[in-house]
Amino acid sequence: MKCREQIERLTFMFKINVLRHRFEYLIPVLQANTSDGKAHYKIFFAQRFCKGKSVPQQSLNPTKSAVRHCVMKNGNMRILDVAKKIVLHRSQSNAAHSLWTLLITKISVRFAAVKLKHEMSRCKSIEDCVNLAFDPFSAFPFSITPQQVREEIIELLEILVRRRPKFVLEVGTHRGGTLFLFARVSSPDAMVVSVDLPGVYDWRIPLYKSFATQNQRVNVVHGDSYDFSTLKMVEQVLAGRKLDFLFVDGDHSYKGVKADFEMYAPLVKKGGIVAFHGIVKPDNGCQVDKFWNEIKKVYSCVEVVRDTWAGIGIVYL
Ligand SMILES: C[S@@+](CC[C@H](N)C(=O)[O-])C[C@H]1O[C@@H](n2cnc3c(N)ncnc32)[C@H](O)[C@@H]1O
């Protein structure tokens, strides 16, 4: 059998085998290297489909260990057995790795929370709080650096501190920088709610919770902001209370930002504030500016733009 035919047959068999063993997250790609006259087989595992969603391109690159374990020499036909071993090896090492990471993260995130709380107690002004948030070591070994232009977020915080909001919602928390700052300018018994996608930042919850001082509470809702179920969870947390401030900094597409406004602005009280991050026309595909240009014709608005990127748009409802 010619090498190419062999490869096609093996690829097909392997796919069938993978399906049979329900390794649904693994798509094997078989490659042959015949430059030295022998058939060398490599199986690359591409985590191509993760819960039905395609994952970023870099995840498709085989890891070094995957390649090291997969090289098969001399056209060995027991490739399926080897493939099974690789899958087993990977799942075992993944499990050990995940356990280790979980342990380390759990310990270090608590350490970071204690450190941040200690530093926080020394802040006397907005400037101090912003310095702390932007300091990459404030929550060592993690960072809570906001993805904001410093002067712009200070200006927004100065508006908020005069109002001392009691119910605050942030859509898009990421490392937690803005959530931390909003808690600093909110009332001592404020409820600060964070909405972000599930999975990625779950381990940061103890850190987010540590942002609360005195009688404040930080509530974390994990969900896609424009899923109806996420809105329901936010409504449950608020239990009928209206928001004083809503910060929209999640999905920066036109559709995303519009949906965030249409779904969450009705939860803001009359006279409350909605702020959007990213109203400056960017060159990276964000489309907040498009929605901002529509909305600013309808409401009383203020633009805070101190740089060539970002920009905060404030809407007074
Ligand atoms: C720019 S970051 C937020 C930065 C943060 N406000 C700060 O300045 O510290 C955007 C965040 O929005 C989240 N996000 C994106 N799309 C979302 C969606 N549809 N629902 C909820 N969160 C989303 C991302 O996971 C990411 O954490």
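The notes below deal with the structure included here. (Residues numbered from 1 in each chain as written. Predicted model: local features only at pLDDT ≥ 70, side-chain atom pairs only at ≥ 80, totals over all residues.)

## Some thoughts on the overall build of the protein chain
Working step 1: Each helix and strand counted, the protein chain has 10 helices and 11 strands in total.
Working step 2: Across the 317 residues in the protein chain, those meeting the buried criterion constitute 33%. (Helix = DSSP H or I, 4+ residues; strand = E, 2+ residues; numbered from the N terminus. Buried ≥ 20, exposed ≤ 12 C-beta atoms within 10 Å, placed from the backbone.)

## Some words on the site of the ligand
Working step 1: Around the ligand sit 20 residues, and of these Gly172, His174, Gly177, Ser225 and Gly250 come closest.
Working step 2: Those elements giving two or more residues to the shell around the ligand turn out to be α6 (177–185) and β6 (191–196).
Working step 3: Its residues assigned to classes, the shell around the ligand comprises 5 nonpolar, 10 polar and 5 charged. (Near = placed C-beta within 6 Å. Nonpolar A, V, L, I, M, F, W, Y, C, P; charged D, E, K, R; others polar.)

## Brief notes about the sheet that holds strand β10 (residues 300–304)
Working step 1: On the basis of which strands lie adjacent, the open sheet formed by 7 strands has the order β7-β6-β5-β8-β9-β11-β10 and mixed pairing. Strands at the two margins of the open sheet, each flanked by one partner only, are β7 (217–222) and β10. Pairwise comparison of adjacent strand axes, ignoring direction, gives a mean angle of 15° for this sheet.
Working step 2: Of the pairings in the sheet, the one linking β10 to strand β11 (residues 312–316) comprises 5 bridges and is antiparallel in character. (Pairing = 2+ DSSP bridges. Axes fitted to C-alpha atoms, helices over the stretch in contact; angles between N-to-C directions.)

## Looking at the environment of Val220
Working step 1: Structurally, Val220 can be placed in strand β7.
Working step 2: Classification of Val220 as partly exposed rests on a count of 19 C-beta atoms within 10 Å.
Working step 3: A sequence separation of 50 residues divides Val220 from Glu170, and the C-alpha atoms of the two residues are 9.8 Å apart.
Working step 4: Dropping the residues within four chain positions of it, Val220 is found in contact with Ser194, Ile205 and Tyr208. (Contact = placed C-beta atoms within 7 Å.)

## Quick look at the nonpolar core
Working step 1: Counting 59 residues, the largest nonpolar core has Val168, Leu169, Val192 and Leu246 as the members making the most contacts within it.
Working step 2: Counting residues per element, this core draws most heavily on α6, at 6 residues.
Working step 3: Not counting residues up to four positions away in its chain, the partners in contact with Leu169 are Val193, Val195, Val234, Leu243, Leu246 and Tyr264. (Core = buried A, V, L, I, M, F, W, Y, C linked by C-beta atoms within 7 Å.)

## Here we look at the pairing of β6
Working step 1: Burial analysis of β6 places 6 of its 6 residues in the buried class, which makes it a mostly covered element.
Working step 2: The alternating pattern of β6 places Met191, Val193 and Val195 and Val192, Ser194 and Asp196 on opposite faces, both of which are buried.
Working step 3: Two elements, strand β5 (residues 167–171) and β6, share 5 bridges in a ladder whose sense is parallel. Counted as the bridge partner of Val171 is Val195 from β6.
Working step 4: Handedness of the crossover joining β5 and β6 through α6 is recorded here as right-handed. (Right-handed = clockwise from strand over helix to strand, strands pointing away.)

## Focus on the pairing of β11
Working step 1: Counting buried positions over the 5 residues of β11 gives 4, a clear majority of the element.
Working step 2: Pairing geometry for strand β9 (residues 268–277) and β11, over 5 bridges, is antiparallel. Across the sheet, residue Ile273 finds its bridge partner in β11, namely Tyr316.

## Side note on the packing of helix α9 (residues 254–264) against helix α10 (residues 288–295)
Between two packed helices, the angle of one axis relative to the other and the distance separating the axes together describe the packing.
Working step 1: In the contact formed by α9 and α10, the axes pass within 7 Å of each other and the chain directions differ by 45°. Relative to α10, the element α9 is oriented oblique. By crossing handedness, the relation of α9 to α10 is classed as right-handed. Facing Tyr254, Val257 and Lys258 of α9, the residues of α10 in contact are Val288, Lys290 and Phe291.
Working step 2: Residue composition of the contact of α9 with α10, grouped by class: 4 nonpolar, no polar and 2 charged. (Parallel < 35°, antiparallel > 145°, perpendicular 65-115°, else oblique. Left-handed = near helix turned anticlockwise from the far one by under 90°.)

## Observations concerning unusual backbone geometry
Working step 1: The residue after Phe140, namely Pro141, is reached through a cis peptide bond having omega 10°.
Working step 2: By the secondary structure assignment, Pro141 is in the loop between α4 (126–134) and α5 (150–163).
Working step 3: Although it is not a glycine, His174 sits at a positive phi angle of roughly 50°.
Working step 4: Relative to the elements of secondary structure, His174 occurs in the loop between β5 and α6.
Working step 5: Phi is positive for Gln214, which is not a glycine, with a value near 45°.
Working step 6: Looking at the element boundaries, Gln214 is found in the loop between α7 (205–209) and β7.

## Side note on α9
Working step 1: Those residues of α9 not exposed but buried are Gly256, Val257, Ala259, Asp260, Phe261 and Tyr264.
Working step 2: Along its buried surface, α9 packs onto β5, β8 (243–248), β9 and α10.

Taken by themselves, the reported measurements are silent on function.
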